[in-house]
Amino acid sequence: MTNEEINRAAAVTGNSSSPQAADTPDCWWWVEHSVWTERMLTRLEQSEPSTKWFRLWDKVLSERNLQAAFWAVWRNEGAPGVDGQTVKQFDEQSERELARLREELWTKRYRRQPARRVWIPKPGTTEKRPLGIPAVRDRTVEAATRNVLEPIFERDFAEYSYGFRPGRGCREAVGRVEELLSQGHVWCVDADLKSYFDTIPHERLMALVQQRIVDGSVLALLEQCLKAGVLEELKGWQPTERGTPQGAVISPLLANLYLNPLDHEVAGATRMTSSCCAAPKKKLRLCWHFCANGRRRQG
């Protein structure tokens, strides 16, 4: 990618002074402005939690969105998928590749390839965890889809959920813990959801998506992402009956969406269930670990 293209990428994905980005609230600095215009963001701000969104397909496959999606993939680099194509190779003919991708999406001929399954060490243990690496073209489609869907779901996510969210992360989560400790919430319960990515039930996940998204083409594309399977050396293709591959661009968003009801359920609780703690219960989540703080029981 040339310096000129990099500068154009920054202009599109950053806080532009274009009419589309004008007067955008600070909380939406991270959205893709070629998709989320000022009018759409206003509609989003005024929408109810039960509002359903349709006519999103044209936004997924718009030229500017696909280009911005590939720039995001390019910045993140990453290994090739099952087709062996590297990010550099895709970039060298990106104009042709993106045009072909857009044509396939438009004519409904796009077919998601299986993710390449590799195993990587799990920090702190002797175990390994599976990683699913989609092809560069499939990562681009996922990024374009995420650009459209993420603002809709982000608005519904719990306040103290920090994992894989725009402008949030470990630093903000640690700051929240320190704040609770200073308020006297000295009891902490830390939990880890084992094999979370690999065990998400597709039917329940899609039911949550459909509470907000009713565009059939977008839903079908998400189904492709979930059902594409994985290809592992010496084992061949394996179906994915549940779960969303770690390594897929859209997986963190879908994983956060599936945990969102739990986040709100726990946040709404008024007392700790443990006999050693008294409320109010204060909870935060970072990725697939969550932490609940409470005050020591008085008396």
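Below is a short write-up of the structure. Counting restarts for each chain: residues are numbered from 1 in the order of the written sequence. Only residues with pLDDT of at least 70 are given local features in this predicted model, and only at 80 or more are side-chain atom pairs given and counted; all residues enter the totals for whole chains, interfaces and linings. Side-chain numbers come from the whole structure's heavy atoms, not from hydrogens or water.

Broken down by element type, the protein carries twelve helices and seven strands. Only protein chains enter the area calculation, which uses a 1.4 Å probe; residues under 20% of their type maximum are buried, those over 50% are exposed, and those in between are partly exposed. The proportion of buried residues among the 299 residues of the protein is 46%. Partitioning the intrachain contacts of the protein with sequence separation of at least 6 by distance along the chain shows that 68% fall at a separation of at least 24. Here the accessible surface of atoms and residues is derived via Shrake-Rupley with a 1.4 Å probe, and residues count as covered only by protein chains that are part of the display. For the protein, the exposed area adds up to about 15,900 Å²; of that, 51% sits on carbon and sulfur atoms. Secondary structure elements follow DSSP: runs of H or I no shorter than four residues count as helices, runs of E no shorter than two count as strands, and numbering proceeds from the N terminus. Here, two residues are considered to be in contact whenever any of their heavy atoms come within 4.5 Å of each other.

In this section: the sheet that holds strand E1 (residues 115-121). Read across the open sheet, the four strands follow the order E2-E1-E4-E5; overall the sheet is mixed. In this open sheet, the two edge strands, each paired with only one partner strand, are strand E2 (128-133) and strand E5 (236-238). Neighbour to neighbour, the strand axes of the sheet diverge by 40 degrees on average, direction disregarded. Whether two strands pair comes down to DSSP finding at least two bridges between them. Helix axes are fitted only over the stretch in contact, all axes being lines through C-alpha atoms; the angle between N-to-C directions runs from 0 to 180 degrees.

Turning next to the pattern of salt bridges. Any carboxyl oxygen of Asp or Glu that lies within 4 Å of a side-chain nitrogen of Lys or Arg is treated as forming a salt bridge with it. The tally for this structure, following the rule as stated, stands at eight salt bridges. Asp-58 is the partner of Lys-59 in a salt bridge, and the nearest nitrogen-oxygen pair spans 3.8 Å. Close ionic contact of Arg-165 with Glu-154 constitutes a salt bridge, the shortest N to O distance being 2.6 Å. Of this pair, Arg-165 sits in the loop between helix H7 (136-154) and helix H8 (170-182) while Glu-154 is found in helix H7, placing the two residues eleven residues apart along the sequence. With respect to class, Arg-165 is no different from Glu-154; both count as buried. Each of Arg-112, Asp-138 and Glu-142 takes part in one network of salt bridges that share partners.

The subject of this paragraph is the pairing of E2. As judged from the six bridges shared by E1 and E2, these two strands associate in the antiparallel manner. Bridge assignment links Pro-121 to a residue of E2, and that residue is Lys-128.

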